Amino acid sequence: DVKVTQSSRYLVKRTGEKVFLECVQDMDHENMFWYRQDPGLGLRLIYFSYDVKMKEKGDIPEGYSVSREKKERFSLILESASTNQTSMYLCASSLLLAGGSDYGYTFGSGTRLTVV
Amino acid sequence: AQSVTQPDIHITVSEGASLELRCNYSYGATPYLFWYVQSPGQGLQLLLKYFSGDTLVQGIKGFEAEFKRSQSSFNLRKPSVHWSDAAEYFCAVGAGGTALIFGKGTTLSVSS
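Residues numbered from 1 in each chain as written. Chains lettered and ligands numbered in written order. Predicted model: local features only at pLDDT ≥ 70, side-chain atom pairs only at ≥ 80, totals over all residues. Heavy atoms only, no water.

A. Focus on the state of the cysteines. Per the counting criterion, the structure on display carries two disulfides over all chains. The disulfide partner of A:Cys23 is A:Cys91, and the gap between their sulfur atoms is 1.9 Å. What sets the handedness of the A:Cys23 and A:Cys91 disulfide is the S-S torsion sign, and at about -80° it is left-handed. Placement of the pair is A:Cys23 in strand β3 (residues 19-25) and A:Cys91 in strand β9 (residues 87-94), with a sequence separation of 68 residues. Covalently, B:Cys23 is tied to B:Cys91 through a disulfide, its sulfur atoms 2.0 Å apart. (Disulfide = S-S within 2.5 Å. Helix = DSSP H or I, 4+ residues; strand = E, 2+ residues; numbered from the N terminus.)

Here it is as structure tokens:
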């Protein structure tokens, strides 16, 4: 069974901390994504990566950075966490960038981050 | 700019009744179209997808969706809703060299 695994389901961090959210996929997918999900706003793309060490900004990259040193791992970094970054973070991977394959995007279970 | 609209924020349907969730998109060409479902506290699960060909596509859990190019729509349907279908549903659109764009979601409640 194909999998995208996010290392934490729940995280509580303090304002100003540097926060790392980790995502690992076992499908040998080229593309990986970080979305943020907030009530009433749906999923908004933060960053994506189409290859190792390659990244592209999404719609809301401010306050975030990413790292992809290995194909299977894509990390989201909050450089200095703020309360407005309290949210559900979803990682996904796909064979094709626009999802045009049998599986579309495969999502992890999400990390609910609370910044206090 | 590309966009996806789900006009209904919240829908309540009686168990056993039929369901239709609406999705409209704005895209320059025929995109890839998807419906995902999210149960509380979970990630998103793919229900069905449309790439090309037959405009009526079947998915998992008894869902189907119809692509209507003239209306730029991809509505999700189910003939008889079960209580376990209560969840949030997302329509998504993608094409070429862009990542998927998601609608804001429709929350489905099922009443007994």
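B. Here's a closer look at the environment of B:Ser52. Position of B:Ser52 among the secondary structure elements: in the loop between β6 (45-50) and β7 (56-58). Residues B:Ser52 and B:Pro31, 21 residues apart in the sequence, show an inter-C-alpha distance of 8.9 Å.

C. Representation of the interface of chain A and chain B within the structure. In this complex, chain A contributes 23 residues to the contact, which on the side of chain B involves 23 residues. Taken together, both faces of the contact between chain A and chain B bury some 1600 Å²; the carbon and sulfur share is 59%. Of all residues in chain A, the largest losses of buried area upon contact with chain B belong to A:Leu43, A:Ala98 and A:Phe107, amounting jointly to 28% of the total for that side. Counting across the interface, chain A meets chain B through zero salt bridges. (Contact = heavy atoms within 4.5 Å. Buried area = accessible area lost by both parts, 1.4 Å probe. Salt bridge = Lys/Arg side-chain N within 4 Å of Asp/Glu carboxyl O.)

D. Layout of the packing of aromatic side chains. Using the criterion set out here, one finds 17 aromatic pairs over all chains in the structure. Arranged with centres 6.1 Å apart and planes meeting at 45°, the rings of A:Tyr35 and A:Phe107 form a pair that is tilted. Here A:Phe107 lies in strand β10 (residues 106-107) and A:Tyr35 lies in strand β4 (residues 31-38), a separation of 72 residues in the sequence. The rings of A:Phe33, A:Tyr35, A:Phe48, A:Tyr105, A:Phe107, B:Tyr32, B:Phe34, B:Tyr36, B:Phe51 and B:Phe102 are connected pair by pair, giving a single aromatic cluster. (Phe/Tyr/Trp six-rings, centres within 6.5 Å; stacked < 30°, edge-to-face > 60°.)

E. Examining the sheet that holds β3(A) more closely. Residue and element names in this part refer to chain A. Here four strands make up an open sheet; going across it, the order is β1-β3-β8-β7 and the pairing antiparallel. Both outer strands of the open sheet, β1 (4-6) and β7 (64-70), are each paired with one neighbouring strand and no more. On average, each strand axis in the sheet is tilted by 20° relative to the strand beside it, whichever way the strands run. As defined by bridge partners, β1 adjoins β3 across three bridges and the pair is classed as antiparallel. Each residue of the ladder has a partner; that of Thr5, found in β3, is Val24. (Pairing = 2+ DSSP bridges. Axes fitted to C-alpha atoms, helices over the stretch in contact; angles between N-to-C directions.)

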